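# Reading the structure
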Amino acid sequence: MYRKTPFRVAPFEDVEMDLKELHDRGEKITRIYLTNGDPFVLGTDRLVKIAELVHQYLPEVEVLTCYASIQNLKAKSLEDLKLLKSVGYDELYVGLETAYAPAVKLINKGFTVEEAYENIGKLKEAGIGTYILFQETYHKESYERLHPTGPKHNYAYHTEAMDRAMEGGIDD
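## Remarks on the pattern of salt bridges
For the structure shown, the criterion picks out five salt bridges. In this structure, the salt-bridge partner of Lys74 is Glu115, at a minimum N-O distance of 3.4 Å. Taken together, the residues Lys74 in helix α3 (residues 70-74) and Glu115 in helix α6 (residues 113-126) connect sequence positions 41 residues apart. Note that Asp90 and Lys85 form a salt bridge whose closest N and O atoms lie 3.2 Å from each other. What makes Asp90 buried here is its relative accessible area of 19%.

## A closer look at the side chain of Asn119
Following the sequence through the fold, Asn119 ends up in helix α6. Separated by 2.8 Å, the side chain of Asn119 and the backbone oxygen of Glu115 make a polar contact. Setting aside residues no more than four positions away along its own chain, Asn119 makes contact with Ile70, Leu73 and Lys74.

## Observations regarding helix α4 (residues 78-86)
Residues of α4 that are buried: Leu78, Leu81 and Leu84. Considered in projection along α4, the buried side chains sweep an arc of 120 degrees and stay on one side of the axis. Turned more than 90 degrees from where α4 packs its buried face, Glu79 and Ser86 sit exposed. Buried residues along α4 sit in contact with α2 (44-57), β3 (89-95) and α6. Just beyond α4, the residue with positive phi is Gly88, at close to 120 degrees.

About the criteria used
- Residues numbered from 1 in each chain as written.
- Predicted model: local features only at pLDDT ≥ 70, side-chain atom pairs only at ≥ 80, totals over all residues.
- Heavy atoms only, no water.
- Salt bridge = Lys/Arg side-chain N within 4 Å of Asp/Glu carboxyl O.
- Helix = DSSP H or I, 4+ residues; strand = E, 2+ residues; numbered from the N terminus.
- Buried < 20%, exposed > 50% of the residue type's maximum accessible area, 1.4 Å probe, protein only.
- Polar contact = N/O pair within 3.5 Å; in protein donor to acceptor, adjacent residues only side chain to side chain.
- Contact = heavy atoms within 4.5 Å.
- Arc of directions from axis to C-beta.

In structure tokens, the structure reads:
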């Protein structure tokens, strides 16, 4: 998905400008979803500062969430995760393509199934909810070939599942 997009961390000033713009719109915003790849790659200190800005500009926010890879969960201690929970990170969308060990090894995700379970457990211990969606492929033609009929036939509907889950308030 991001292979042709070079990684960069947005300057803190840009994050603040975005939040100020949302504030100035005058809408009640109760949920913020940090986007653009895996924001959990950021250090705990930076994630805390972002949460503080969110609550400064948007005090009605109840849920702060983002994507998180297993690799970036591994880099966070339980204490880091508890701190992030305390500043408002209530749930994470974890990129776990499969729990089938041979497939995890084949696609070289950078973690084992055991590490995935361990780190998802660490989130639970910290009180952070998770939402995991198993998506066979994001390649539309392959997906349509795998699901020519039936309830999973609609590619767009399936790839928008996380959006619907968020709207419904689903976590664990």
